[in-house]
Amino acid sequence: MPSVSMPDEVPGTVRNTATVERAGQGAEALHRDMPFTRLVDCGMDHADARELLDRTLHGQPWHVVARELGERQAHRRDQATARGFRATALDAARYAIAAFTFAQMAHDRDTAHKTDDYERLDAAIAELVALRPAEIREFTTPYKHGELNGWLLTPRHAEPVATVIVWGGLSGWGMAYLPVAEALVDRGLACLLVEGPGQGRSRLKHRLYGSRESIGGFGTFVDVATEALGLPGRIGILGNSFGGLIAAHVTARDKRVAACVINCGPAVISVPSGPSAREQLGAFLGTDDINRMDQELTQLQFPPEPGEETAQIRVPCLVLNGGQDPLAPSIAQEPFLAQATHPASRLQTWPDGQHNLYNHAAERNALVGDWFLTHLTTPTASTHR
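Anyway, here's the lowdown on the structure attached to this text.

Rules used in this analysis
Residues numbered from 1 in each chain as written. Predicted model: local features only at pLDDT ≥ 70, side-chain atom pairs only at ≥ 80, totals over all residues. Heavy atoms only, no water. Helix = DSSP H or I, 4+ residues; strand = E, 2+ residues; numbered from the N terminus. Expected span 1.5 Å × (residues − 1). Buried < 20%, exposed > 50% of the residue type's maximum accessible area, 1.4 Å probe, protein only. Arc of directions from axis to C-beta. Pairing = 2+ DSSP bridges. Axes fitted to C-alpha atoms, helices over the stretch in contact; angles between N-to-C directions. Contact = heavy atoms within 4.5 Å. Disulfide = S-S within 2.5 Å. Core = buried A, V, L, I, M, F, W, Y, C linked by side-chain atoms within 4.5 Å. Phe/Tyr/Trp six-rings, centres within 6.5 Å; stacked < 30°, edge-to-face > 60°. Lys NZ or Arg CZ within 6 Å of the ring centre and 35° of its normal. 1 Å grid on protein atoms, 1.4 Å probe; cavity = no way out; pocket = protein on both sides within 12 Å on 5 of 7 lines; lining within 4 Å. Points joined across faces, edges and corners; volume = space filled by probe spheres on them. Nonpolar A, V, L, I, M, F, W, Y, C, P; charged D, E, K, R; others polar.

Quick word on helix H14 (residues 361–377)
Then comes step 1: With 17 residues, H14 should cover 24 Å at 1.5 Å per step; its first-to-last C-alpha distance of 24 Å lies within 8% of that length.
Then comes step 2: All buried positions along H14 are accounted for by Ala361, Arg364, Asn365, Val368, Gly369, Trp371, Phe372, His375 and Leu376. In a view along the axis of H14, the buried residues occupy a sector of 160 degrees, so they form one face of it.

Here it is as structure tokens:
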């Protein structure tokens, strides 16, 4: 049985003010990678998102502006808490998390500056947990030479009917998917927002990186949900972007997974030509060597070998596709559907959809929540193993 620890204290905020611009990337690249739709999809206040885009368009460093917005919201959170305005404090706490999320995203490589901005994010998350102790708990579990971490969100007044594990990809992790988690919790589901090998704290603090082997690390969260946390009901997995590829692997391997959603994840990936995406991938894999990146991606493709039966997805699998998504076009997702043998598996496409369907966030969250509620709680959700 995996062990899990829940911290009792809220870590302090790191106050290092060193700054650095994304290497070789100007405002145009940052605005392309983090458009308004993505900012608000991940929970940023609309006014903050507009201010971030406007100020960076006029030459101010992205991470400096995002950090300032996060600190402004954190100050508003603390003032509201001191005055007893809990609802206002919760809103500001969420907005602070989103702003700090996008501050650390401006750094593709694992520099001291990225770690600093991530620690600010971590501290903001801890403040939200302190405001909602009955509904959100942080957990850690040992893995290799370090540990993996995540946050458990549960319905406030009822036992969850099932559980969904949610992870991101190369740049958006954990609490970046808080709005998705809240949509799941609203439907009576428990949600684990997690950071696996190659992501977040597991990478920046414990030097755990992504690889074919580390798929087992992501699978550890199924152990955590079923054993260490003892959550009731069936288990579903939602993988976003590059994380969708990992979700397919874990679902095919683990018979305890009863439903899977792949949100804009490609089944086969090549080393990106753009410097920003390539550096994000290198940070995930823990290497700057292009040849090694290529080897790792070959081992991570789904299925690993054409026709491999052990890579079949035998449970309901929903593949989400954005028609305007250059990172995961429909042809790059066909292998998932080819390996999905359950009759309820299907593809859902939005012709104008951006990557991760940022521009259809509310509809996407509702569809995903209802999909999991249906296939994790009804008798028809047969695993067909």
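Observations concerning the sheet that holds strand E6 (residues 257–263)
Pairing between the strands of a sheet is mediated by backbone hydrogen bonds and can be parallel or antiparallel.
Then comes step 1: Across the sheet, which stays open at both edges, the eight strands sit in the order E1-E2-E4-E3-E5-E6-E7-E8 with mixed pairing between neighbours. What marks the edges here is a single partner per strand, and that holds for strand E1 (136–143) and strand E8 (346–350). On average, each strand axis in the sheet is inclined to that of its neighbour by 20 degrees, with strand direction left out of account.
Then comes step 2: As paired strands, strand E5 (residues 235–240) and E6 are joined by six bridges and run parallel to one another. Its bridge partner lying in E6, isoleucine 235 is registered against valine 257.

Considerations on the environment of glycine 353
Then comes step 1: Tracing the backbone shows glycine 353 in the loop between E8 and H14.
Then comes step 2: Judged by its relative accessible area of 0%, glycine 353 is buried.
Then comes step 3: Among residues more than four places away in sequence, those in contact with glycine 353 are Gly322, Gly323, Gln324, Asp325, Asn359 and His360.

Some points on the state of the cysteines
Then comes step 1: Summed over all chains, the structure comprises zero disulfides.
Then comes step 2: Of the cysteine sulfurs around cysteine 264, a residue in no disulfide, the closest is that of cysteine 42, at 13 Å.

Examining the nonpolar core
Then comes step 1: Counting 66 residues, the largest nonpolar core has Leu39, Met44, Trp62, Trp151, Leu184, Leu193 and Phe372 as the members making the most contacts within it.
Then comes step 2: Broken down by element, the residue count for this core peaks at 11 residues, all from helix H5 (residues 86–105).
Then comes step 3: Sequence-distant contacts of leucine 39, defined by excluding residues within four places in its chain, comprise Met34, Met44, Ala49, Leu52, Leu53, Trp62 and Phe102.
Then comes step 4: Ile235, Val257, Leu285 and Val315 belong to the second-largest nonpolar core, a separate cluster that totals 47 residues.

Description of the packing of aromatic side chains
Then comes step 1: This structure, assessed with the given rule, holds five aromatic pairs.
Then comes step 2: Measuring from ring centre to ring centre gives 5.0 Å for phenylalanine 242 and phenylalanine 284, while their planes differ by 70 degrees; the resulting arrangement is edge-to-face. Of this pair, phenylalanine 242 sits in helix H10 (residues 242–253) while phenylalanine 284 sits in helix H11 (residues 275–285), and the two are 42 residues apart along the sequence.
Then comes step 3: Given the relative accessible area of 5%, phenylalanine 242 is considered buried.
Then comes step 4: For arginine 50, the ring lying beneath its charged end belongs to phenylalanine 36, and the centroid distance is 3.8 Å.

Here's the deal with the layout of surface pockets
Then comes step 1: If you add up the space inside the largest pocket, you get close to 1100 Å³.
Then comes step 2: Lining the largest pocket are 47 residues, with Ser241, Ala277, Gln280, Leu327 and His355 sitting closest to its centre.
Then comes step 3: If you list the elements that add at least two residues to the lining of the largest pocket, you get helix H1 (27–33), helix H2 (36–41), E5, H11 and H14.
Then comes step 4: The leading source of residues in the lining of the largest pocket is H11, at five residues.
Then comes step 5: When grouped by side-chain class, the residues that make up the lining of the largest pocket number 24 nonpolar, 16 polar and seven charged.

Side note on empty space enclosed by the protein
Vacant regions in the atomic arrangement are exposed by a probe of water-molecule size rolled over the atoms.
Then comes step 1: Applying the stated criterion across every chain, the model contains two cavities of 30 Å³ or more.
Then comes step 2: Of the voids in this model, the largest cavity is the one considered here, and its volume is about 60 Å³.
Then comes step 3: Lining the largest cavity are Met105, His107, Asp108, Lys114, Leu170, Ser171, Trp173, Arg203, Gln280 and Ala283.
Then comes step 4: Grouping the amino acids of the lining of the largest cavity by side-chain chemistry returns four nonpolar, three polar and three charged.
Then comes step 5: In this structure, the second largest cavity occupies an estimated 50 Å³ of space.
Then comes step 6: What lines the second largest cavity is Thr101, Gln104, Met105, Tyr118, Leu121, Ile125, Ser171, Gly172, Trp173, Met175, Ala176 and Glu195.
Then comes step 7: Those elements that provide at least two residues to the lining of the second largest cavity are H5 and helix H6 (112–131).
Then comes step 8: Tallied by class, residues from the lining of the second largest cavity come to seven nonpolar, four polar and one charged.

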